[in-house]
Amino acid sequence: MAASMYLRRELCSLARIFNEISHSGLRVLGAGSAHRKCSIIRPHLPVTASTSFHTASVFLSAPSSITVTEEPDTLFQRVSLLVKGHDKAVLDSYEFFATMAAEELGININKVYEPTKDIDRLTVLKSVHIFKKHRVQYEMRTHYRCIELSHLTGSTVQVYLEYIQRNLPEGVAMEVTKTAIEKVPDHILKPMWEDNPVEDKPSQ
Amino acid sequence: MASHTSWVFRSVGRINVAGIRLQGSMSRMTYSTEVSADSSNGNKDFQERGGRGPIIRRPRRESGEPRTEKMAVDQDWTAVYPAAASFNPNSVPLPVRMGYPVKRGVPPEKRGNLELIKIPNFLHLTPAAIKKHCEALKPFCTEWPSALDSDAKCDEHFPIKMESTDYVSAGPSVRNPSARIIHLRVKLSSLNLDEHARKKMLKLVGDRYNKKTDILTIRTDSCPLRRQNQDYAMYLLTVLYHESWKTEAWEAEKTVADMEEYSWEDSPSQKKILDVLVRMKVAGEGEGEEVREQLLGRKEVQEYKDSVTRLKNEGGSESAMLQYKEAVKKVLNL
């Protein structure tokens, strides 16, 4: 019972966030940014999956409804997670959790590796006044773990990253590097001087 | 009489509860359970606490047996730890020990162990729990298009790559100003550029181009927000593209020093080799332009030209030097 309650709560919060994201996404489209012409890009895609989910769900006691919007999903060729922490055992457990979650959600894992740790050392005087020969040394060890994923869609990235980041343990930091891939926009396909020949102006 | 019985009751209570440490605590009133009804005792307490009244101590309750005894072996663990919580020794039915052992001892047990409480635990993220969560999250994920299964195909259909970084950490602020930085990478071969446009683009862009991988990288961090930096990077790419197709009037003044590649025609090397060959009288007697052109058409001269061009463009390498040596030997008939 408690488990299902927890799941529902998580879905609810995810839903709220997705709601906000979808609203802001649609607003961006409405503002007329020239780079995101979704409807034109579609026909060029030779790919089979044409439905794209940008989800928002209204959750009551009824099962959540997933809304599908027309906006095409962003595609991410690489997503690289770097987790940093002071305790290696915590990072080990977190890596197990993250890799298992990725497998369950069907995400390709490129590689999982451990960059070498960094040690910051500090030497200070032991005493408040004089006694220069007696010092005390401190060190801070930062351990790293890197998980590289490949070929993810925008919705999957949002879901996975939110799940992972909500369960980030205390004392652990994370950096996520995402590489989104896009088509060449229409205004770079051919030079504009063919249509509007440039008049002779002194160049600045 | 009442005082005596109350004292006896108190001491009996102490024996039950305090256990071995009873001898030490006789003098201390730490486990006294009764509020004594004695007037003399009450007065003493009253005077000691400066008129605030007697110390009211709630009766100490015995803790029952820990919940772990009642847990079934095949229970649903996700219900015991549904969310992140600190370690509770009475909820975890494992005989965990943690800590540095004293001499000839073992690590301390889990009851009253601060080390187990301090360290973050993953009891709420067992494989069963992860499976349940992922089952619930599956409907929100979408599939990667199956036609784009390799990196080469991604590059072919989607040549522009925007790289951004998110940062998650604990601190006074949730935001990280480095998150606004965008790297835009494009392969120049995927853009529609002719020879002149490509050379001009390389000159405009300078250091941002990597010759080995043919990737142009534009790094934008001048705007405060990530969306703004993305738009600015696309704007820069657009401007570079269109400007490189333009031919300005002053571009006609391009000198040999501005050239990106070495070309052998009309170079000092060509003049020198033709002079040498004419002096050596390779083509027989005669001076003038026809002789030079005839010499140019010769195979050895062409080979010499190839080797010199290769040396100048690619730099000195073993095979390039060997090729140059062979070409020189053939041209000068050594």
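Residues numbered from 1 in each chain as written. Chains lettered and ligands numbered in written order. Predicted model: local features only at pLDDT ≥ 70, side-chain atom pairs only at ≥ 80, totals over all residues. Heavy atoms only, no water.

Student: Would you mind showing me how to read a nonpolar patch on the surface here?
Tutor: There is a patch of nonpolar side chains on the surface, built from A:Leu122, A:Val124 and A:Tyr138 and spanning about 290 Å² of accessible area. Take A:Leu122: it is sitting in strand β3 (residues 118-125). (Patch = residues over 30% accessible without salt bridge, like charges linked within 9 Å, V, L, I, M, F, W, Y side chains within 5 Å. Areas by Shrake-Rupley, 256 points an atom, 1.4 Å probe, with all protein chains shown as cover. Salt bridge = Lys/Arg side-chain N within 4 Å of Asp/Glu carboxyl O. Helix = DSSP H or I, 4+ residues; strand = E, 2+ residues; numbered from the N terminus.)

Student: How should I be thinking about the side chain of B:Glu163 in this particular structure?
Tutor: Here B:Glu163 lies in strand β1 (residues 160-168). Within the structure, the side chain of B:Glu163 is placed 3.2 Å from the side chain of B:Arg185, a separation counted as a polar contact. Apart from the residues lying within four places of it in its own chain, the contact partners of B:Glu163 are A:Thr177, A:Lys178, A:Thr179, B:Ile181, B:Ile182, B:His183 and B:Arg185. (Polar contact = N/O pair within 3.5 Å; in protein donor to acceptor, adjacent residues only side chain to side chain. Contact = heavy atoms within 4.5 Å.)

Student: Mind showing me how you'd approach the interface of chain A and chain B here?
Tutor: Accessible area lost during the coming together of the parts is what is often quoted as the interface size. Counting from both sides, the interface comprises 70 residues of chain A and, opposite them, 61 residues of chain B. Buried surface at the junction of chain A and chain B, both sides included, amounts to about 6100 Å², of which 68% is carbon and sulfur. A per-residue breakdown of the area chain A buries against chain B is headed by A:His151, A:Glu182 and A:Ile188, which together make up 10% of the total. At the boundary of chain A with chain B, the tally comes to two salt bridges. Inspection of the chain A/chain B interface yields 14 residue pairs in polar contact (both at pLDDT 80 or more). Mapped onto the side of chain A that touches chain B, the elements with two or more residues apiece are α1 (2-30), β1 (75-85), α3 (88-104), β4 (135-153), α4 (154-166) and β5 (172-182) of chain A. In terms of residues, the side of chain A that touches chain B owes the most to one element, β5(A), which gives 10 residues. (Buried area = accessible area lost by both parts, 1.4 Å probe.)

Student: Help me understand the confidence of the model for chain A in this model?
Tutor: Residues and elements named next belong to chain A. In this model, chain A carries a mean pLDDT of 73, and residues with pLDDT of at least 70 account for 64%. Confidence, read as mean pLDDT per element, is least for helix α2 (residues 38-41) in chain A (32) and greatest for β3 (96). Note on residues 1-13: pLDDT under 50 across the span, and 21 contacts to partners over four residues away in sequence or across chains. In the predicted structure, residues 200-204 sits below a pLDDT of 50 and forms two contacts with residues beyond four places in sequence or in another chain. (pLDDT = per-residue confidence, 0-100.)

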